[in-house]
Amino acid sequence: MAEPIIKIDLDKPPYENESIHNRWHPDIPMAAMVKPGDDFIVECHDWTGGQIHNNDDASDVRDVDLTQVHFLSGPVGVEGAEPGDLLVVDILDIGTFQESQWGFNGFFSKQNGGGFLTEHFPEAQKSVWDFNGMFTKSRHIPGVEFAGLIHPGLIGCLPSKEMLEEWNKREKALFDSAPERVPALATLPYADTAHMGKLSGEAKRRAAEEGARTVPPREHGGNCDIKDLSRGSKIYFPVYVKDGGLSVGDLHFSQGDGEITFCGAIEMAGWIHLRVELIKDGMSKYAIKNPIFKPSPMTPKYDDYLIFEGVSVDEQGKQHYLDVHVAYRQAVLNAIEYLKKFGYSGAQAYSLLGCAPVQGHISGVVDIPNACATLWLPTDIFEFDVKPNADGPKQHVKGNIDLPLAKDK
Ligand code: ZN
């Protein structure tokens, strides 16, 4: 098996590791170099760099420092890569560390991060998931077990200087349209907690002030949180700087479409085994603006679903025009209300929909005024029959446990 070209120490802060960075900037030096055709292993912290712990207290989620995220491993330079090329990345495998067989999911407090349903779940809560080979279950959400569709939430190449300037300009304009909003409309550069890999001194100070935050997905890919970009996928990334500069992190053991809980999927530390190739001048040859990818030949097989519909009429009954975001929220809320009939709390159901391999589909965007979105809930992840029948739902979930809140609130 290939050797790790980037190693981490889970007992040390990621700030002490020069092969880690938490902003996007073209000046970040390559942490390692490889050649086209090489395969190699990169070790990754969980996205928060160890801020969330395996316990029954969500105060760490409530108090998380979101200006620190995401801690990425890289950039890995590929010899011969030039702007305009496509960097072809095979995800050969992804795994966990022997000493870290667990992951976390949570929702941030509305005051510090928020999430898709922050108006319904304004307080920080979390669930902890134990890994058992390819399966996972949580002591905080009984009655379910499923196979991990393991993937990196975040992977992409360094932006060019021009691209970085464009990102910062357009995101600042959006932020400035409602600067007091909580949560904010966008995350702007923030130098105090920036970690710029090998950069130091004045060069680091300058880059930290303009380095783009890692939260949004952008043209280069980045934090796309696509569950199907899993081990076995082949991804074609646009290259914007010499050597490409591929960085990766935010590994997920599993995630539902939408990563609705924001903190986040089942988040984990681990390693990823990659292989790289180049397609010279591939961006113009194939008209590539954003990455494209082929899914894995191997994925957990769930082929029976309960599918929840939602349309673009919000919780207050207000009609929205073809708004897919509102429609998907209604589909998710409908699924949560359904699961509560089996004994789950709303928070447990919300967390489960963020973690399990649920599918989200944009089903209709033309039938004015309503968009239709659907949430596909795999029925085989449950240890009981979750389908409707003439006898009505049974309270399968016993023990009256709920997701932990922050203890010292
Ligand atoms: Zn994540």
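Procedures and definitions
Per chain, residue numbering runs from 1 following the sequence as it is written. For this predicted model, a pLDDT threshold of at least 70 governs which residues receive local features, and a threshold of 80 or more governs which side-chain atom pairs are given and counted, while totals over whole chains, interfaces and linings are taken from all residues. Note: side-chain values were computed over all heavy atoms of the structure, leaving out hydrogens and water. Each patch is assembled from residues with relative accessible area greater than 30% and no salt bridge, linking like charges that lie within 9 Å and nonpolar side chains (Val, Leu, Ile, Met, Phe, Trp, Tyr) that lie within 5 Å. The method behind every accessible area is Shrake-Rupley, applied with a 1.4 Å probe, and residues are considered shielded solely by the protein chains displayed. Basic side-chain nitrogens of Lys or Arg form a salt bridge, by our definition, when they fall within 4 Å of a carboxyl oxygen of Asp or Glu. Asp and Glu count as negative and Lys and Arg as positive, but His and the ends of the chain are not part of the count. Charge placement uses NZ in Lys and CZ in Arg. For Asp and Glu, CG and CD serve respectively. Runs of E in the DSSP output that reach at least two residues are strands. Runs of H or I that reach at least four are helices, and both are numbered from the N terminus. For the domain bounds, the source is a domain assignment made automatically or taken from a database. When two parts are brought into contact, each loses some accessible area as probed by a 1.4 Å sphere; the total of that loss over both is the buried area. In this classification, the charged set is Asp, Glu, Lys and Arg, the nonpolar set is Ala, Val, Leu, Ile, Met, Phe, Trp, Tyr, Cys and Pro, and all remaining amino acids, among them Gly, are polar. When DSSP locates at least two bridges between a pair of strands, those strands are taken to pair. To obtain an axis, a line is fitted to C-alpha atoms, over the contacting stretch when the element is a helix, and the angle between two such axes runs from 0 to 180 degrees between their N-to-C directions. Among buried residues, those of type Ala, Val, Leu, Ile, Met, Phe, Trp, Tyr and Cys that are joined through side-chain atoms within 4.5 Å constitute a nonpolar core. Burial classification: accessible surface area is computed with a 1.4 Å probe over protein chains only, and a residue below 20% of its type maximum counts as buried, one above 50% as exposed, and the rest as partly exposed. Contact definition: two residues touch when any of their heavy atoms are within 4.5 Å. Two rings belonging to Phe, Tyr or Trp (six-membered ring only in the last case) form a pair when the distance between their centres is within 6.5 Å. Interplanar angles under 30 degrees mark stacking, angles over 60 mark edge-to-face geometry, and anything in between is tilted. Any N, O or S atom lying within 2.8 Å of the metal counts as a donor, with the limit raised to 3.2 Å for Na, K and Ca; because water is left out of the atom set, some sites can appear incomplete.

### Considering a negative patch on the surface
And then number 1: Among the surface-exposed residues, D9, D11, E16 and E99 lie close enough to one another that they form a single negatively charged patch.
And then number 2: By the element assignment, D9 lies in the loop between strand 1 (4-6) and strand 2 (20-21).

### Some thoughts on the domain arrangement of the protein chain
And then number 1: Domain boundaries in the protein chain define domain 1 (4-294) and domain 2 (305-381).
And then number 2: The centre of domain 1, based on its C-alpha atoms, is set 26 Å off from the matching centre of domain 2.
And then number 3: With both chains or domains summed, domain 1 and domain 2 bury close to 2,200 Å², and 68% of this area falls on carbon and sulfur atoms.
And then number 4: The interface formed by domain 1 and domain 2 contains 0 salt bridges.
And then number 5: Of all elements in the fold, only strand 7 (102-107), strand 8 (125-132), strand 10 (141-147) and strand 16 (262-267) reach the threshold of two or more residues within the side of domain 1 that touches domain 2.
And then number 6: Tallying contributions element by element places strand 10 first for the side of domain 1 that touches domain 2, with 6 residues.
And then number 7: For the side of domain 1 that touches domain 2, the per-class residue count stands at 12 nonpolar, 12 polar and 3 charged.

### What about the sheet that holds strand 17 (residues 270-279)?
And then number 1: As summarised here, the arrangement of the 6 strands in space is 1-4-17-6-14-18, forming an open sheet in which the pairing is mixed. Two strands lie at the open edges of the sheet, namely strand 1 and strand 18 (292-294), each paired on one side alone. On average, each strand axis in the sheet is inclined to that of its neighbour by 35 degrees, with strand direction left out of account.
And then number 2: Taken together, the 5 bridges between strand 6 (residues 86-95) and strand 14 (residues 234-238) define a ladder with antiparallel strand orientation. Of the residues in strand 14, the one forming a bridge with L87 is F237.

### Details of the nonpolar core
And then number 1: Within the largest apolar cluster, 74 residues are counted, with the highest numbers of intra-cluster contacts made by L87, L352, L353, L375 and F382.
And then number 2: Broken down by element, the residue count for this core peaks at 9 residues, all from helix 5 (residues 324-340).
And then number 3: In this structure, this core is formed jointly by two domains, domain 1 (4-294) and domain 2 (305-381), each of which donates at least three residues.
And then number 4: Once you skip the residues sitting within four places of it in the chain, L352 turns out to touch W129, I141, V144, F146, L339, I381 and F382.
And then number 5: Residues L86, M163, W167 and I288 belong to the second largest nonpolar core, which totals 16 residues.

### Some words on the environment of I28
And then number 1: In this structure, I28 sits in the loop between strand 2 and strand 3 (32-34).
And then number 2: The class of I28 is buried, set by a relative accessible area of 2%.
And then number 3: Considered as a pair, I28 and P75 are 47 residues apart in the sequence and their alpha carbons are 7.6 Å apart.

### So, the pairing of strand 9 (residues 135-138)
And then number 1: Burial along strand 9 is one-sided: T136 and S138 are buried, while F135 and K137, pointing the other way, are not.
And then number 2: In textbook terms, the turn of a hairpin is the stretch between consecutive antiparallel strands, and for strand 8 and strand 9 this stretch comprises 2 residues, one of which, G133, has a positive phi near 60 degrees.
And then number 3: Sheet topology places strand 9 next to strand 10; 3 bridges connect them, and they run antiparallel. If you follow F135 over to strand 10, its bridge partner there is A147.
And then number 4: Counting the residues in the hairpin turn of strand 9 and strand 10 gives 2 residues.

### Regarding the pattern of salt bridges
And then number 1: Here the structure, examined in full by the defined rule, presents 24 salt bridges.
And then number 2: With a closest N to O distance of 3.8 Å, K137 and E383 form a salt bridge. In this pair, K137 is assigned in strand 9 and E383 in the segment after strand 21 (372-378), connecting sequence segments 246 residues apart.
And then number 3: Salt-bridge contacts for K387 lead to D385; the nearest nitrogen and oxygen are separated by 3.4 Å.
And then number 4: Within this structure, E202, R205, R206 and E209 form a network of salt bridges that share partners.

### Looking at the packing of aromatic side chains
For any pair of aromatic rings, the description consists of the separation of the ring centres together with the inter-plane angle of the planes.
And then number 1: Throughout the structure, instances matching the rule amount to 16 aromatic pairs.
And then number 2: Plain terms: the ring middles of W47 and F108 are 6.1 Å apart, the flat faces sit at 50 degrees to each other, and that makes the pair tilted. One end of the pair, W47, is in the loop between strand 4 (39-44) and helix 1 (59-62); the other, F108, is in the loop between strand 7 and strand 8, with 61 residues separating them in the sequence.
And then number 3: A relative accessible area of 1% places F108 in the buried class.
And then number 4: Measuring from ring centre to ring centre gives 5.3 Å for F308 and Y338, while their planes differ by 65 degrees; the resulting arrangement is edge-to-face. With a gap of 30 residues between them, F308 in strand 19 (residues 305-311) and Y338 in helix 5 connect regions that are remote in the sequence.
And then number 5: The class of F308 is buried, set by a relative accessible area of 10%.

### Focus on the coordination of the zinc ion
And then number 1: Listed as protein donors to the zinc ion are D250 (OD), D250 (OD), H252 (NE2), E267 (OE) and E267 (OE); their distances from the metal cover 1.9 to 2.8 Å.
And then number 2: Spacing between the donor residues of the zinc ion along the chain follows D-x1-H-x14-E.
And then number 3: By relative accessible area, which is 2% here, D250 ends up buried.

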